[in-house]
Amino acid sequence: MSRTIMLVPISAGVGLTSASLGVLRSMERKGVSVSFYKPISQPRHGGDQPDLTTSIVTSSSDIKAAEPTTISRAEELLRNEQSDVLLEEIVARYKSISQGTDVTLIEGLVPTRKHPFANQLNGEIAKTLGAEIVFVATPGTDNPSQLKERIEVACSNFGGTKNKQIAGVIINKLNAPVDEAGRTRPDLSEIFDDADATTKTNLEVMQIFNSSPIRVLGCVPWKVDLIATRAIDMAKHLNAEIINEGDIATRRIKSITFCARSLPHMIEHFKPGSLLVTSADRPDVIVAACLAAMNGVEIGAILLTGGYEIPQSIAELCKPALESGLPIFTAQGNTWQTSLNLQSFSLEVPADDKERIEFVNEHVASHIDGPWIDSLSEGTEGIRRLSPPAFRYQLTEFARKAAKRIVLPEGDEPRTVKAAAICAERGIATCVLLGNPEEIRRVAAQQGVELGAGVEIIDSDSVRENYVARLVELRGAKGMTEVVAREKLQDSVFLGTMMLEAGEVDGLVSGAVHTTANTIVPPFQIIKTAPDASIVSSIFFMLLPDQVLVYGDCAINPDPTAEQLAEIAIQSADSAMAFGIDPRVAMISYSTGESGKGADVDKVREATKIAQEKRPDLVIDGPLQYDAAIMENVAASKAPNSPVAGKATVFVFPDLNTGNTTYKAVQRSADLVSIGPMLQGMRKPVNDLSRGALVDDIVYTVALTAIQADQAAQAEEKVIN
């Protein structure tokens, strides 16, 4: 039987949207089938604007969501004493999306001066839908004891703490900077200046609730990244004129500094994510900020006030900084007027800011009680597809348990440095950065990244000599001498590969700046293939909205033989299984079944037969056209008796041209995330990155590599035993 959970805010400003998104993500992570419904839209700025949470859910996920009733319609019905009509509408819309899901999450109304009826209506909706109530609260200026009392008072509006329908409370915005009234302060400069202040801890809050019948289902700490807005959103709010676009659509504002002091007292504020507000007649500030940008400091943006233009001579001097992506825009009015406009800027996440939405989802979800989420699907039946959030969560969980050391030869590359810090923070792996320690720390400082525990820095120059003799020993038959070995080891990938060969690290990830050949040739020469593998191949994990598919081989083998193609199919199926995906392997061709003729389709037909004979335990079929493999209605007409057609999860392409073209076409056309390529068949795990890889791509590739290392270690242990 499905369950209904209703999030009820006990006051305004609790971060209800972020709480809803986090709970939805925590359910997705655990494979819980969920739908979402905000019964009555309550836009921040009044009127009948689209509901924010509903807009975000429908635009950024595959979760079923019902359209809310407008606030004006609800108010009209309540004024005319037609609450029964309103509730009937709510029930009808609820039923349209609750069928076939384990849980339906309801987002309640926020009690405000404009909507004093919110608490009463929330209670009636919860009763009508049979919903379990989860309160959402924020500490504000309360200490833990005062917070507990306030939540228990809120319970009295819903039958008191003995009401069995009250499941618990989620405490949001723990340690958020607040004003005297307990509201998260609207003055961004003050928020950011005090962002590191902490007044309470999760432990203190949890301890005080030990004596309460109300269960704490989540305790979410506040972080500045939750409100780090894009520079473009700030410019739109100010109706600013863009002087230099740069990376205005992607750079984040994490601090605001009004540059009113002399330059020596301003330099410390020229840091990653800063919005520097200055009058355009302060060329000293503009030039200094541009110098910082040219030195690699990713300043959020420069906002010019006063209506002045940048002198042409200054613009020419700053041209290299502008070309580095530094956004500059100008607002009408003086600095004082601009500061007042900035104070009215909404900290809500826009529905089109996918990166920030993803951060909110993951941050809040990671602080929701796991056993409670597990309990929500108890007693329900059904096949669980591995959704993208569940897959990513599973990756990080598996990687944490593996506890491996992964070497990153491109140790001073900015994205790599950021990824290493994230891996350390999440406990995914210990990342070993190779390079010049001073340069690595300088890059980290420029990116606003702290490299603490969980990140190791190894000076390449100090360890290079350690591997000369071993490299000569391994490659002596190929003409390797000490002189050549020292030259080869100048290449950081070669050096990292030797560390992997020596067992000093468990895996290697490279390719953010190196080509695929640069990354995989040293391992091919030194690490070689696994004992049971005849070929090294690759797969991509394609994160579709509702499931994860495996594509292989899209990166390594240009034109595999039938035997090699069969090996790729088996490797890809085993990899899928290792990462929680039920492998149903489709051998892709331009023809389905026996209809096509020609050397290419014959190769796929023969490869299918070889793979089936080698691994009768796997479900493999082919040749299948792509549409027959993935679409049930096409499969019904083209391959009605196929155990794979219409429900394939692993797609094996006949050659590199087909595979690489298909994966990129699907990825770009559908705007999907893909993770990979992950190499298969190596004795020890080595993985290649795209040179356009994002920070998250590197993080998840490190996780993949750590898991592969753990699987390889387990396989080796079985052989020994």
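The rules we used
- Residues numbered from 1 in each chain as written.
- Predicted model: local features only at pLDDT ≥ 70, side-chain atom pairs only at ≥ 80, totals over all residues.
- Heavy atoms only, no water.
- Buried < 20%, exposed > 50% of the residue type's maximum accessible area, 1.4 Å probe, protein only.
- Helix = DSSP H or I, 4+ residues; strand = E, 2+ residues; numbered from the N terminus.
- Arc of directions from axis to C-beta.
- Contact = heavy atoms within 4.5 Å.
- Pairing = 2+ DSSP bridges.
- Axes fitted to C-alpha atoms, helices over the stretch in contact; angles between N-to-C directions.
- UniProt positions renumbered as here; feature names shortened; annotations may be inferred.
- Domains from an automatic or database assignment.
- Buried area = accessible area lost by both parts, 1.4 Å probe.
- Salt bridge = Lys/Arg side-chain N within 4 Å of Asp/Glu carboxyl O.
- Polar contact = N/O pair within 3.5 Å; in protein donor to acceptor, adjacent residues only side chain to side chain.
- Nonpolar A, V, L, I, M, F, W, Y, C, P; charged D, E, K, R; others polar.
- Core = buried A, V, L, I, M, F, W, Y, C linked by side-chain atoms within 4.5 Å.
- Right-handed = clockwise from strand over helix to strand, strands pointing away.
- Expected span 1.5 Å × (residues − 1).
- Phe/Tyr/Trp six-rings, centres within 6.5 Å; stacked < 30°, edge-to-face > 60°.

**Digging into helix α23 (residues 516-526)**
Three- or four-residue spacings in an α-helix give side chains the same orientation, since the helix completes a turn every 3.6 residues. For α23, the full list of buried residues reads T519, I520, P522, P523 and I526. Each buried residue of α23 sits inside an arc of 155 degrees when the element is viewed along its axis, so together they form one side. Buried residues in α23 make contact with α20 (468-475), α22 (492-501), β18 (507-510), β24 (673-680) and β25 (686-688). K528 sits one or two positions beyond α23 and adopts a positive phi of about 70 degrees.

**Points about the sheet that holds strand β23 (residues 650-652)**
Spatially, the 6 strands line up as an open sheet ordered β22-β21-β23-β20-β19-β24, and their pairing is mixed. A strand with exactly one partner marks an edge of an open sheet, and here the two such strands are β22 (619-624) and β24. Shown here is a sheet whose adjacent strand axes are inclined to one another by a mean of 20 degrees, direction ignored. Pairing analysis gives 4 bridges linking strand β21 (residues 584-588) to β22, with the strands arranged parallel. Looking at the pairing, V585 lines up with I620 of β22. Relative to strand β19 (residues 537-543), helix α16 (residues 388-402) is tilted by about 130 degrees, and along the sheet it contacts β19, β20 (548-552) and β24. Of the strands in this sheet, β19, β20 and β24 touch helix α28 (residues 656-669), which is tilted by about 20 degrees from β19.

**Digging into the UniProt feature "domain: DRTGG" (unreviewed entry) in the chain**
Summarizing the sequence annotation, UniProt attributes the feature "domain: DRTGG" (unreviewed entry) to residues 233-344 in the numbering used throughout. For residues 233-344, the end-to-end C-alpha separation is 13 Å, with 33% helix and 21% strand making up the annotated structure.

**With respect to the domain arrangement of the chain**
As assigned here, the chain comprises domain 1 (3-222), domain 2 (229-344), domain 3 (388-527) and domain 4 (537-681). With centres defined by C-alpha atoms, the gap from domain 2 to domain 3 works out at 36 Å. At the junction of the two partners, domain 2 supplies 5 residues and domain 3 supplies 6 residues. Buried surface at the junction of domain 2 and domain 3, summed over both partners, amounts to about 340 Å²; 39% is from carbon and sulfur atoms. There are 0 salt bridges connecting domain 2 and domain 3. Joining domain 2 to domain 3, the criterion identifies 2 residue pairs in polar contact (both at pLDDT 80 or more). Split by residue class, the side of domain 2 that touches domain 3 holds 2 nonpolar, 2 polar and 1 charged.

**Things to note about the nonpolar core**
Soluble globular proteins tend to bury their nonpolar side chains together. Among the nonpolar cores identified, the biggest contains 57 residues, and F391, L395, F541, M587 and V702 are the most heavily contacted of them. Top contributing element to this core by residue count: helix α29 (residues 695-720), with 9 residues. Counting the residues that make up this core, at least three belong to each of domain 3 (388-527) and domain 4 (537-681). Leaving out residues up to four positions away in the same chain, F541 has contacts with F391, V548, L549, V550, F579, I581, V673, S674, I675, M678 and L704.

**Some details on the environment of I357**
Within the secondary structure, I357 sits in helix α14 (residues 354-365). For I357 and S60, which are 297 residues apart along the polypeptide, the C-alpha to C-alpha distance reads 8.3 Å. Among all residues touching I357, those that are not within four sequence positions of it are I56, S60, V349, P350 and A351.

**Thoughts on the pairing of strand β13 (residues 301-305)**
The element β13 is extensively covered by neighbouring structure, given that 5 of its 5 residues are classed as buried. Judged by which residues are buried, β13 turns out to be covered on both faces: A301, L303 and T305 on one side and I302 and L304 on the other are all buried. With 5 bridges joining them, strand β12 (residues 274-279) and β13 adopt parallel strand pairing. Looking at β13, one finds that L275 is bridged to A301. With helix α10 (residues 283-294) bridging β12 and the parallel β13, this β-α-β connection has right-handed handedness. In this sheet, strand β14 (residues 328-330) lies alongside β13 in parallel orientation, the contact comprising 3 bridges. Residue pairing in the sheet places L303 in a bridge with F329 of β14.

**Quick look at helix α6 (residues 144-156)**
Here α6 is 13 residues long and its end C-alpha atoms lie 19 Å apart, about the 18 Å a rise of 1.5 Å per residue gives. Turning to α6, its buried residues are P144, L147, K148, I151, A154 and C155. Here the buried residues of α6 occupy an arc of 120 degrees about the axis, which is enough to place them on one side. Facing away from the buried side of α6, by more than 90 degrees, are the exposed residues E149 and V153.

**Quick look at the pattern of salt bridges**
When their charged atoms lie close together, side chains carrying opposite charge are able to pair. Counted according to the given criterion, the structure contains 37 salt bridges. Its salt-bridge partner being E89, residue R73 comes within 2.4 Å of it at the nearest N-O pair. Highlighted residues: R73 in helix α3 (residues 71-79) and E89 in helix α4 (residues 83-98), separated in sequence by 16 residues. We note a salt bridge from R442 to E439, for which the minimum N-O separation is 2.8 Å. Residue R442 and its partner E439 are both found in helix α18 (residues 437-446); the two are separated by 3 residues, about one turn of the helix. According to the relative accessible area criterion, E439 is partly exposed, its value standing at 26%. By sharing partners, the salt bridges in this structure join R25, E28, R29, E358, E362 and R392 into a single network.

**Re the pairing of β19**
The side chains of a regular strand alternate between the sheet's two faces. Of all 7 residues that make up β19, 7 are buried, and the element is covered over most of its length. Alternating positions in β19 separate into two faces, S537, I539, F541 and L543 on one and S538, F540 and M542 on the other, with burial throughout. Relative to β20, β19 runs antiparallel, the two being bridged by 5 bridges. Along β20, the bridge assignment pairs I539 with G552. Hairpin connection from β19 to β20: 4 residues lie between these consecutive antiparallel strands.

**Some thoughts on the sheet that holds β14**
Taken in spatial order, the 5 strands of this open sheet run β9-β14-β13-β12-β11, and their pairing is mixed. Only two strands of the sheet have a single partner each, and these edge strands are β9 (241-244) and β11 (255-258). Taken over all neighbouring pairs, the strand axes of this sheet differ in orientation by 25 degrees on average, direction set aside.

**What about the packing of aromatic side chains?**
By the definition in use, this model includes 8 aromatic pairs. Look at F135 and F158: their rings are 5.4 Å apart centre to centre, the planes differ by 70 degrees, and that puts the pair in the edge-to-face class. Taken together, the residues F135 in strand β5 (residues 132-137) and F158 in the loop between α6 and β6 (166-174) connect sequence positions 23 residues apart. Pair check on accessibility: F135 and F158 agree, each one buried. Here Y551 and F651 contribute two aromatic rings whose centre-to-centre distance is 5.6 Å and whose plane-to-plane angle is 65 degrees, an arrangement assigned as edge-to-face. Highlighted residues: Y551 in strand β20 and F651 in strand β23, separated in sequence by 100 residues. In this structure Y551 comes out as buried when scored by relative accessible area, which is 0%. Using a relative accessible area of 0% as the deciding quantity, one classes F651 as buried.

**Observations concerning the side chain of S255**
Looking at the element boundaries, S255 is found in strand β11. Taking the relative accessible area as the measure of exposure, S255 reaches 9% and is therefore buried. Polar contacts involving the side chain of S255 include one to the side chain of S274, which spans 3.0 Å.

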